[in-house]
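Summary of structural features
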Amino acid sequence: MGLKAGIVGLPNVGKSTLFNAITNSHVEAANYPFATINPNVGSVFVKDKRVDNLSKMFNPKRTIYTTFEFYDIAGLVKGASKGEGLGNQFLSKIRETDAIIEVVRCFTNSDIVHVENSVDPIRDIGTINLELIFSDLDTVQNRLAKVENKAKISKDKEAIVETNVLTKLKEHLNKEKSARSLQLTEEESKIVKNYNLLTIKPIIYVANVSDEDLQNIDSCENYLKVRDFAAKEHAQCIPICCEIESELSSYSPQEKEEFLASIGAKESGLDSLVQSAYKLLNLSTFFTVGADEVRARTFINGMLAPDCAGIIHTDFKKGFIRAEVYSYNDIMVYKTEQALKDAGKLRIEGKDYVAKDGDIFFFRFNV
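Residues numbered from 1 in each chain as written. Predicted model: local features only at pLDDT ≥ 70, side-chain atom pairs only at ≥ 80, totals over all residues. Heavy atoms only, no water.

**Section: the packing of aromatic side chains**
Aromatic rings in a pair are described by how distant their centres are and how their planes are angled relative to each other. Under the counting rule described, the total for this entry stands at 13 aromatic pairs. Pairing phenylalanine 45 with tyrosine 65 gives two aromatic rings, centres 5.9 Å apart and planes at 55°, and the pair type is tilted. Taken together, the positions of phenylalanine 45 in strand β2 (residues 40-45) and tyrosine 65 in the loop between β3 (62-64) and β4 (67-72) put the pair 20 residues apart, joining distant regions of the chain. The exposure class assigned to phenylalanine 45 is exposed, which follows from its relative accessible area of 55%. A network of ring pairs unites the aromatic residues Phe286, Phe299, Phe320, Tyr353, Phe361 and Phe363 as a single cluster. (Phe/Tyr/Trp six-rings, centres within 6.5 Å; stacked < 30°, edge-to-face > 60°. Helix = DSSP H or I, 4+ residues; strand = E, 2+ residues; numbered from the N terminus. Buried < 20%, exposed > 50% of the residue type's maximum accessible area, 1.4 Å probe, protein only.)

**Looking at the packing of helix α5 (residues 157-174) against helix α6 (residues 186-193)**
At a minimum axis separation of 10 Å, α5 and α6 run at an interaxial angle of 80°. Judged on the interaxial angle alone, α6 and α5 are roughly perpendicular. Where α5 approaches α6, its residues Val161, Glu162, Val165, Lys168 and Leu169 are matched on the opposing element by Glu187, Glu188, Ile191 and Val192. Across the contact of α5 with α6, the residue classes break down as five nonpolar, no polar and four charged. (Axes fitted to C-alpha atoms, helices over the stretch in contact; angles between N-to-C directions. Parallel < 35°, antiparallel > 145°, perpendicular 65-115°, else oblique. Contact = heavy atoms within 4.5 Å. Nonpolar A, V, L, I, M, F, W, Y, C, P; charged D, E, K, R; others polar.)

**As for helix α12 (residues 305-312)**
Quick reminder: α-helices carry 3.6 residues per turn. Residues three or four places apart thus point the same way. Where α12 is concerned, the buried positions are Ala305, Pro306, Cys308 and Ala309. Within α12, the buried residues cover an arc of 160° as seen down the axis, which keeps them to one side. Packing partners of the buried residues in α12 comprise β8 (283-288), β9 (293-300), α13 (314-318), β10 (320-327) and β12 (359-365). (Arc of directions from axis to C-beta.)

Dropping the structure here:
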């Protein structure tokens, strides 16, 4: 599954610095607005110790992690939905992503320009979110203009239903509320999905704090403001020092571990961000193992075994017969597949089996 997240925010809040850290790449991170014009795209391996442990156990020819694709999108400014700054050049790119990561500046530094000449995270969030809402409002109004007459003149049932949904959306957006906060029926949700609205995408707020504040995060007033705002939206907020993360990206695994231990952290902010993105998108991981390859694969929670087989290849789903399944936790205890069989821990599952995080599959199929 190709997963994409768009990194957005005002100019000079740390988006490109965060992107550099995520992908260990070297895109421009300059101290002036619109340093990013075309979106930078990079993939990051989703670190999972289970993959490492399985690789040690099976000693395959290759080990493959799941990946997450990140888009670093040019800084938004007030009026972006109407073409201010770089306008719709980058708003269209956000539509291609599965989730939004909104970077909010929570640090003060007189050497780094702020487009509003002061640091106010809630004001900045309001600016970004309002521009996304305005953009969605344009999308909804344009679509409404196309289907409204059809609903009135021809009394087309589908057009009537769609008009009602669009009208509901328009009224909600006009109140400066995001589409994700609007309660929709299952049927309405299916219709709205076709519009690919910006504000219906799940969102994570990244509070970019200073290194000093990161070590005493509960005393960082700006972070607490963003955290409380996110809580009201039922969204996640993650404190990150983008400068530290960028530096950490060049460290060896041992150096990184030692540094994190020195500041009392169990994992980096980036690892936390990726894991939060998985949780936000309702994702889990299954594995396929063998002498040739140990591989992690991403699936949506609730998927059945044939759907997971289809992630590997469409023929696997079409010709699905059964799945041989055991759990990662069990193989760590019993060490070999033969021992799992002897203990009755290797199961045969059919088409109705709901995949679980940590499942190890061997699919039987016939096409």
